[in-house]
Amino acid sequence: MSAKDAPPPLPEPLLVAVADSHTHLDMQSGTVEEALTKAAAVGVTTVVQVGCDVKGSRWAAETAAAHANVHAAVALHPNEAPRIVLGDPDGWSRQGARDAGGDAALDDALAEIDRLAALPHVLGVGETGLDFFRTGPEGMAAQERSFRAHIEIAKRHGKALVIHDREAHADVLRVLDEEGAPDRTVFHCYSGDAEMAGICAAKGYYMSFAGNVTFKNAQPLRDALAVAPLDRVLVETDAPFLTPAPFRGRPNAPYLIPVTVRAMAQVRGIDENAMAEAIAVNTARAFDY
(Lines give C-alpha, C1' and ligand atoms only; values in the text may rest on other atoms or scores of the structure.)
Protein backbone atom coordinates (compact mmCIF):
# COMPACT_ATOMS: atom_id res chain seq x y z
CA MET A 1 0.00 0.00 0.00
CA SER A 2 1.47 3.34 -1.03
CA ALA A 3 1.44 6.27 1.38
CA LYS A 4 -1.26 7.86 -0.81
CA ASP A 5 -3.61 4.90 -0.27
CA ALA A 6 -2.84 4.50 3.43
CA PRO A 7 -5.61 5.62 5.79
CA PRO A 8 -4.64 8.78 7.71
CA PRO A 9 -3.91 8.37 11.44
CA LEU A 10 -6.60 8.77 14.11
CA PRO A 11 -6.91 12.42 15.15
CA GLU A 12 -7.11 13.56 18.77
CA PRO A 13 -10.60 12.69 20.05
CA LEU A 14 -13.22 15.41 20.36
CA LEU A 15 -14.43 15.96 23.93
CA VAL A 16 -17.98 16.67 22.70
CA ALA A 17 -19.46 13.89 20.55
CA VAL A 18 -20.66 14.85 17.06
CA ALA A 19 -22.35 13.24 14.05
CA ASP A 20 -21.02 12.78 10.53
CA SER A 21 -24.06 14.11 8.69
CA HIS A 22 -23.19 12.55 5.33
CA THR A 23 -21.10 9.47 4.59
CA HIS A 24 -20.99 6.56 2.15
CA LEU A 25 -19.89 3.54 4.19
CA ASP A 26 -20.68 1.27 1.22
CA MET A 27 -17.87 2.93 -0.77
CA GLN A 28 -15.26 2.67 2.02
CA SER A 29 -12.89 -0.21 2.72
CA GLY A 30 -13.40 -2.35 5.83
CA THR A 31 -16.62 -3.29 7.57
CA VAL A 32 -19.34 -0.99 8.89
CA GLU A 33 -18.45 -2.15 12.42
CA GLU A 34 -14.79 -1.17 11.93
CA ALA A 35 -15.76 2.26 10.60
CA LEU A 36 -18.15 2.92 13.50
CA THR A 37 -15.64 1.73 16.11
CA LYS A 38 -12.87 3.98 14.75
CA ALA A 39 -15.26 6.92 14.56
CA ALA A 40 -16.57 6.42 18.11
CA ALA A 41 -12.99 6.29 19.39
CA VAL A 42 -12.53 9.96 18.39
CA GLY A 43 -15.98 11.23 19.41
CA VAL A 44 -17.94 10.67 16.20
CA THR A 45 -20.81 8.64 17.63
CA THR A 46 -23.48 8.98 14.92
CA VAL A 47 -23.39 8.77 11.13
CA VAL A 48 -25.92 9.43 8.40
CA GLN A 49 -25.46 6.83 5.66
CA VAL A 50 -26.56 8.24 2.32
CA GLY A 51 -27.88 6.33 -0.69
CA CYS A 52 -27.24 7.44 -4.28
CA ASP A 53 -29.30 4.88 -6.21
CA VAL A 54 -31.94 2.23 -5.51
CA LYS A 55 -29.42 -0.43 -4.50
CA GLY A 56 -27.42 1.93 -2.28
CA SER A 57 -30.57 3.30 -0.69
CA ARG A 58 -31.78 -0.20 0.21
CA TRP A 59 -28.35 -0.89 1.72
CA ALA A 60 -28.48 2.38 3.70
CA ALA A 61 -31.92 1.47 5.11
CA GLU A 62 -30.77 -2.06 6.06
CA THR A 63 -27.57 -0.75 7.67
CA ALA A 64 -29.50 1.83 9.70
CA ALA A 65 -31.94 -0.86 10.82
CA ALA A 66 -29.00 -2.97 12.05
CA HIS A 67 -27.08 -0.19 13.89
CA ALA A 68 -28.63 2.20 16.40
CA ASN A 69 -26.05 4.93 15.69
CA VAL A 70 -26.52 4.83 11.89
CA HIS A 71 -29.35 6.81 10.28
CA ALA A 72 -30.23 6.47 6.61
CA ALA A 73 -31.01 8.88 3.80
CA VAL A 74 -32.38 7.42 0.56
CA ALA A 75 -32.48 8.89 -2.95
CA LEU A 76 -31.47 8.81 -6.56
CA HIS A 77 -28.39 11.02 -6.91
CA PRO A 78 -28.89 13.84 -9.44
CA ASN A 79 -26.54 12.04 -11.83
CA GLU A 80 -28.43 8.77 -11.41
CA ALA A 81 -31.75 10.11 -12.76
CA PRO A 82 -30.46 10.81 -16.32
CA ARG A 83 -28.69 7.44 -16.36
CA ILE A 84 -31.98 5.69 -15.60
CA VAL A 85 -33.89 7.65 -18.25
CA LEU A 86 -31.24 7.96 -21.00
CA GLY A 87 -29.08 4.92 -20.25
CA ASP A 88 -25.44 4.72 -19.23
CA PRO A 89 -23.58 3.14 -22.17
CA ASP A 90 -20.08 3.58 -20.71
CA GLY A 91 -21.12 2.22 -17.30
CA TRP A 92 -19.63 5.14 -15.37
CA SER A 93 -21.76 4.46 -12.30
CA ARG A 94 -21.32 1.42 -10.08
CA GLN A 95 -24.07 -0.49 -11.93
CA GLY A 96 -22.08 -0.82 -15.14
CA ALA A 97 -23.52 -0.18 -18.61
CA ARG A 98 -27.31 0.30 -18.76
CA ASP A 99 -29.91 0.76 -21.47
CA ALA A 100 -32.25 3.73 -21.55
CA GLY A 101 -35.32 3.07 -19.41
CA GLY A 102 -37.24 6.26 -20.15
CA ASP A 103 -39.59 8.02 -17.77
CA ALA A 104 -41.27 4.75 -16.75
CA ALA A 105 -38.00 3.44 -15.30
CA LEU A 106 -37.49 6.69 -13.38
CA ASP A 107 -41.04 6.39 -11.99
CA ASP A 108 -40.29 2.82 -10.83
CA ALA A 109 -37.08 3.91 -9.12
CA LEU A 110 -38.81 6.86 -7.44
CA ALA A 111 -41.56 4.53 -6.19
CA GLU A 112 -38.92 2.40 -4.46
CA ILE A 113 -37.31 5.51 -2.89
CA ASP A 114 -40.79 6.52 -1.69
CA ARG A 115 -41.26 3.08 -0.10
CA LEU A 116 -37.88 3.26 1.65
CA ALA A 117 -38.49 6.84 2.82
CA ALA A 118 -41.46 5.63 4.87
CA LEU A 119 -39.24 3.37 7.04
CA PRO A 120 -38.71 4.65 10.61
CA HIS A 121 -34.88 4.43 10.56
CA VAL A 122 -34.72 6.39 7.30
CA LEU A 123 -34.47 10.01 8.47
CA GLY A 124 -33.59 11.74 5.22
CA VAL A 125 -34.45 11.87 1.53
CA GLY A 126 -31.21 12.51 -0.35
CA GLU A 127 -28.85 13.06 -1.80
CA THR A 128 -30.98 14.70 -4.45
CA GLY A 129 -30.72 18.00 -6.27
CA LEU A 130 -28.96 19.18 -9.41
CA ASP A 131 -25.48 18.58 -10.79
CA PHE A 132 -24.52 20.54 -13.89
CA PHE A 133 -20.87 19.50 -13.56
CA ARG A 134 -21.34 15.90 -14.64
CA THR A 135 -24.68 16.01 -16.47
CA GLY A 136 -25.07 17.90 -19.73
CA PRO A 137 -28.15 19.74 -21.05
CA GLU A 138 -29.72 16.49 -22.31
CA GLY A 139 -29.97 15.17 -18.74
CA MET A 140 -31.31 18.29 -17.03
CA ALA A 141 -35.02 17.54 -17.48
CA ALA A 142 -34.65 14.10 -15.85
CA GLN A 143 -32.60 15.61 -13.02
CA GLU A 144 -35.12 18.32 -12.29
CA ARG A 145 -38.10 15.94 -12.45
CA SER A 146 -36.34 13.61 -10.03
CA PHE A 147 -35.44 16.49 -7.68
CA ARG A 148 -39.05 17.72 -7.58
CA ALA A 149 -40.29 14.18 -6.84
CA HIS A 150 -37.80 13.82 -3.97
CA ILE A 151 -38.96 17.12 -2.44
CA GLU A 152 -42.54 15.83 -2.49
CA ILE A 153 -41.49 12.48 -0.95
CA ALA A 154 -39.55 14.22 1.85
CA LYS A 155 -42.49 16.48 2.71
CA ARG A 156 -45.07 13.68 2.61
CA HIS A 157 -43.03 11.48 4.96
CA GLY A 158 -41.82 14.35 7.16
CA LYS A 159 -38.16 13.57 6.49
CA ALA A 160 -35.15 15.87 6.06
CA LEU A 161 -34.21 16.76 2.47
CA VAL A 162 -30.50 16.31 1.71
CA ILE A 163 -29.35 18.35 -1.27
CA HIS A 164 -26.50 17.75 -3.70
CA ASP A 165 -25.82 21.06 -5.47
CA ARG A 166 -22.90 21.11 -7.89
CA GLU A 167 -22.53 24.15 -10.15
CA ALA A 168 -26.31 24.59 -9.96
CA HIS A 169 -26.90 27.04 -7.08
CA ALA A 170 -29.49 29.29 -8.72
CA ASP A 171 -31.52 26.39 -10.13
CA VAL A 172 -31.49 24.44 -6.87
CA LEU A 173 -32.76 27.50 -4.99
CA ARG A 174 -35.38 28.12 -7.71
CA VAL A 175 -36.78 24.57 -7.56
CA LEU A 176 -36.91 24.70 -3.74
CA ASP A 177 -38.85 27.97 -3.96
CA GLU A 178 -41.22 26.62 -6.61
CA GLU A 179 -41.95 23.36 -4.81
CA GLY A 180 -41.76 24.70 -1.25
CA ALA A 181 -38.82 23.27 0.70
CA PRO A 182 -39.41 20.75 3.52
CA ASP A 183 -39.13 22.10 7.08
CA ARG A 184 -35.68 20.54 7.37
CA THR A 185 -33.46 21.03 4.32
CA VAL A 186 -29.71 20.31 4.36
CA PHE A 187 -27.22 21.50 1.75
CA HIS A 188 -24.76 18.60 1.81
CA CYS A 189 -21.13 19.49 1.09
CA TYR A 190 -22.11 23.16 0.99
CA SER A 191 -20.42 24.70 -2.04
CA GLY A 192 -21.88 28.19 -2.25
CA ASP A 193 -20.30 31.49 -1.29
CA ALA A 194 -21.06 33.88 1.57
CA GLU A 195 -23.86 35.57 -0.39
CA MET A 196 -25.63 32.23 -0.92
CA ALA A 197 -25.10 31.38 2.75
CA GLY A 198 -27.14 34.50 3.54
CA ILE A 199 -29.97 33.28 1.29
CA CYS A 200 -29.89 29.78 2.85
CA ALA A 201 -29.86 31.31 6.35
CA ALA A 202 -32.89 33.47 5.58
CA LYS A 203 -34.77 30.36 4.44
CA GLY A 204 -33.69 28.30 7.45
CA TYR A 205 -31.68 25.78 5.42
CA TYR A 206 -28.85 23.84 7.08
CA MET A 207 -25.36 24.03 5.59
CA SER A 208 -23.15 20.99 6.01
CA PHE A 209 -19.41 21.56 5.57
CA ALA A 210 -17.06 18.83 4.39
CA GLY A 211 -13.28 18.38 4.37
CA ASN A 212 -12.88 20.71 1.39
CA VAL A 213 -13.40 23.66 3.77
CA THR A 214 -9.76 22.95 4.78
CA PHE A 215 -8.40 23.15 1.21
CA LYS A 216 -6.04 26.02 0.40
CA ASN A 217 -8.17 27.29 -2.51
CA ALA A 218 -11.47 27.15 -0.54
CA GLN A 219 -11.55 30.68 0.87
CA PRO A 220 -15.11 31.28 -0.47
CA LEU A 221 -16.27 28.26 1.58
CA ARG A 222 -14.59 29.60 4.72
CA ASP A 223 -16.20 32.99 4.07
CA ALA A 224 -19.59 31.24 3.86
CA LEU A 225 -18.93 29.33 7.08
CA ALA A 226 -17.96 32.58 8.80
CA VAL A 227 -21.39 34.14 8.09
CA ALA A 228 -23.64 31.06 8.38
CA PRO A 229 -25.80 31.10 11.54
CA LEU A 230 -24.15 28.83 14.12
CA ASP A 231 -27.45 26.99 14.63
CA ARG A 232 -27.58 25.99 10.94
CA VAL A 233 -24.09 24.48 10.54
CA LEU A 234 -23.36 20.73 10.23
CA VAL A 235 -20.20 18.74 9.51
CA GLU A 236 -19.72 15.75 7.22
CA THR A 237 -17.06 13.64 5.57
CA ASP A 238 -18.78 12.66 2.29
CA ALA A 239 -16.31 9.80 2.72
CA PRO A 240 -14.50 8.29 0.92
CA PHE A 241 -14.27 11.65 -0.87
CA LEU A 242 -13.04 15.13 0.18
CA THR A 243 -10.49 14.06 2.79
CA PRO A 244 -9.49 17.15 4.81
CA ALA A 245 -6.02 18.69 4.63
CA PRO A 246 -3.30 17.67 5.35
CA PHE A 247 -4.56 14.24 4.17
CA ARG A 248 -6.14 15.36 0.88
CA GLY A 249 -6.00 12.58 -1.71
CA ARG A 250 -6.01 9.77 0.86
CA PRO A 251 -9.16 7.78 1.75
CA ASN A 252 -11.67 9.61 3.92
CA ALA A 253 -13.78 8.04 6.69
CA PRO A 254 -16.02 9.24 9.54
CA TYR A 255 -13.15 9.11 12.06
CA LEU A 256 -11.56 12.14 10.33
CA ILE A 257 -14.45 14.45 11.30
CA PRO A 258 -12.42 16.00 14.19
CA VAL A 259 -9.93 17.43 11.66
CA THR A 260 -12.72 19.34 9.93
CA VAL A 261 -14.44 20.36 13.19
CA ARG A 262 -11.19 21.95 14.41
CA ALA A 263 -10.73 23.81 11.12
CA MET A 264 -14.34 25.05 11.34
CA ALA A 265 -13.86 26.23 14.92
CA GLN A 266 -10.83 28.22 13.77
CA VAL A 267 -12.82 29.89 10.98
CA ARG A 268 -15.56 30.80 13.47
CA GLY A 269 -13.09 31.96 16.11
CA ILE A 270 -14.62 29.69 18.78
CA ASP A 271 -13.17 26.76 20.69
CA GLU A 272 -13.63 23.26 19.30
CA ASN A 273 -15.97 22.17 22.12
CA ALA A 274 -18.37 25.02 21.35
CA MET A 275 -18.21 24.14 17.66
CA ALA A 276 -18.84 20.45 18.36
CA GLU A 277 -21.69 21.24 20.75
CA ALA A 278 -23.46 23.36 18.10
CA ILE A 279 -22.93 20.71 15.41
CA ALA A 280 -24.26 17.92 17.65
CA VAL A 281 -27.45 19.83 18.48
CA ASN A 282 -27.96 21.00 14.88
CA THR A 283 -27.58 17.54 13.34
CA ALA A 284 -30.08 15.99 15.76
CA ARG A 285 -32.50 18.81 14.95
CA ALA A 286 -31.96 18.62 11.19
CA PHE A 287 -32.58 14.86 11.04
CA ASP A 288 -35.06 14.75 13.93
CA TYR A 289 -33.40 12.07 16.10
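This one's a predicted model, so the numbers in the text were calculated from it and none came from an experiment.

Asks: Is there a simple way to explain the overall build of the chain in this structure?
Replies: Across its full length, the chain carries 10 helices and eight strands. Over its C-alpha atoms the chain spans a radius of gyration of 18 Å, differing by no more than 12% from the 19 Å that the globule rule assigns to 289 residues. Expressed as a percentage of its 289 residues, the buried residues of the chain come to 56%. Within the chain, residue pairs in contact and separated by at least 24 positions form 71% of the contacts whose partners lie at least 6 positions apart. One way to put it: in the chain the 26 positive side-chain charges average out to a point 2 Å from where the 39 negative ones average out.

Asks: Could you clarify how one ought to interpret the environment of Ala41 in this entry?
Replies: With respect to the helices, strands and loops of the structure, Ala41 is situated in helix 1 (residues 32-41). The exposure class of Ala41 is partly exposed, given its relative accessible area of 45%. The sequence separation of Ala41 and Tyr255 amounts to 214 residues, and the corresponding C-alpha distance is 7.9 Å. Every residue in contact with Ala41, bar those within four places of it in the chain, is listed here: Leu10 and Pro13.

Asks: Mind showing me how you'd approach the sheet that holds strand 4 (residues 122-131) here?
Replies: Across the sheet, which stays open at both edges, the eight strands sit in the order 1-2-3-4-5-6-7-8 with parallel pairing between neighbours. Since the sheet does not close on itself, it has two edges, and those belong to strand 1 (18-23) and strand 8 (233-235), each with one partner. Neighbour-to-neighbour, the strand axes of the sheet open up by a mean angle of 30°, direction not taken into account. Together, strand 4, strand 5 (160-166) and strand 6 (185-187) form the strand contacts of helix 6 (residues 169-179), whose direction differs from that of strand 5 by roughly 150°.

Asks: Please explain the nonpolar core as it appears in this structure.
Replies: If you look at soluble globular proteins, the nonpolar side chains tend to sit buried side by side. Ranked by size, the top nonpolar core spans 72 residues in total, and within it Phe147, Leu176, Phe187, Tyr190 and Met264 carry the most contacts. Per element, the largest residue contribution to this core is six residues, and it comes from helix 4 (residues 102-117).

Asks: How should the packing of helix 5 (residues 140-157) against helix 6 be read in this particular structure?
Replies: A pair of packed helices is captured by two measures, namely the crossing angle of their axes and the spacing between those axes. Where helix 5 meets helix 6, the closest approach of the two axes is 11 Å, and the angle between their N-to-C directions is 45°. Between helix 5 and helix 6, the angle falls in the class oblique. In the crossing of helix 5 with helix 6, the sense of the turn from one axis to the other is right-handed. Here Glu144, Phe147, Arg148, Ile151 and Lys155 of helix 5 come into contact with helix 6, specifically with Val172, Arg174, Val175, Leu176, Glu178 and Glu179. Here the residues of the contact of helix 5 with helix 6 are counted per class, giving five nonpolar, no polar and six charged.

Asks: Looking at this model, I keep getting lost on the side chain of Thr23. Mind explaining?
Replies: In this structure, Thr23 sits in strand 1. Within the local environment of Thr23, its side chain forms a polar contact with the side chain of Gln28, the two groups lying 2.9 Å apart.

Asks: Just to check I follow, could you spell out the pattern of salt bridges for this structure?
Replies: A pair can form between side chains of opposite charge whenever their charged atoms are brought close. In total, this model carries 17 salt bridges according to the counting rule given. Note that Glu144 is salt-bridged to Arg148, the shortest N-O span being 2.7 Å. Note that Glu144 and Arg148 are positioned in helix 5 at a spacing of four residues, about one turn of the helix. Salt bridges linked by common partners bring Glu144, Arg148, Asp171, Arg174, Glu178 and Glu179 together as one network.

Asks: Any chance you could explain the environment of Gly158 here in plain terms?
Replies: Relative to the helices and strands, Gly158 resides in the loop between helix 5 and strand 5. A relative accessible area of 41% means that Gly158 is categorised as partly exposed. Separated by 33 residues in the primary sequence, Gly158 and Val125 place their C-alpha atoms 9.6 Å from one another.

Asks: In this structure, what is going on with the pairing of strand 7 (residues 206-209)? I would like to understand it.
Replies: Along a regular strand, successive side chains alternate from one face of the sheet to the other. Of the two faces of strand 7, the one lined by Tyr206 and Ser208 and the one lined by Met207 and Phe209 are each fully buried. As paired elements, strand 6 and strand 7 share two bridges and run parallel to each other. Bridge pairing links Val186 to Tyr206 in strand 7. Between the parallel elements strand 6 and strand 7, the chain passes through helix 7 (residues 194-203) in a crossover that is right-handed. Of the strand pairs in this sheet, strand 7 and strand 8 are connected by three bridges, and their pairing is parallel. Across the sheet, residue Phe209 finds its bridge partner in strand 8, namely Val235. Assessed by its sense of winding, the connection that carries the chain from strand 7 through helix 8 (residues 219-227) to strand 8 is right-handed.

Asks: Hey, could you run me through helix 6 in this one?
Replies: Since the α-helix advances by 3.6 residues per turn, residues separated by three or four positions end up pointing in the same direction. When we look at burial in helix 6, the residues that qualify are Val172, Leu173, Val175 and Leu176. Along helix 6, the residues classed as buried sweep out an arc of 160° about the axis, all on the same side. Contacts from the buried residues of helix 6 go to strand 4, helix 5, strand 5, strand 6 and helix 7. Positive phi shows up at Gly180, right after helix 6, with a value of about 85°.

Calculation rules
Residues numbered from 1 in each chain as written. Predicted model: local features only at pLDDT ≥ 70, side-chain atom pairs only at ≥ 80, totals over all residues. Heavy atoms only, no water. Helix = DSSP H or I, 4+ residues; strand = E, 2+ residues; numbered from the N terminus. Rg over C-alpha atoms; globule rule 2.2 N^0.38 Å. Buried < 20%, exposed > 50% of the residue type's maximum accessible area, 1.4 Å probe, protein only. Contact = heavy atoms within 4.5 Å. Lys, Arg positive; Asp, Glu negative; His and termini not counted. Charge placed at Lys NZ, Arg CZ, Asp CG, Glu CD. Pairing = 2+ DSSP bridges. Axes fitted to C-alpha atoms, helices over the stretch in contact; angles between N-to-C directions. Core = buried A, V, L, I, M, F, W, Y, C linked by side-chain atoms within 4.5 Å. Parallel < 35°, antiparallel > 145°, perpendicular 65-115°, else oblique. Left-handed = near helix turned anticlockwise from the far one by under 90°. Nonpolar A, V, L, I, M, F, W, Y, C, P; charged D, E, K, R; others polar. Polar contact = N/O pair within 3.5 Å; in protein donor to acceptor, adjacent residues only side chain to side chain. Salt bridge = Lys/Arg side-chain N within 4 Å of Asp/Glu carboxyl O. Right-handed = clockwise from strand over helix to strand, strands pointing away. Arc of directions from axis to C-beta.

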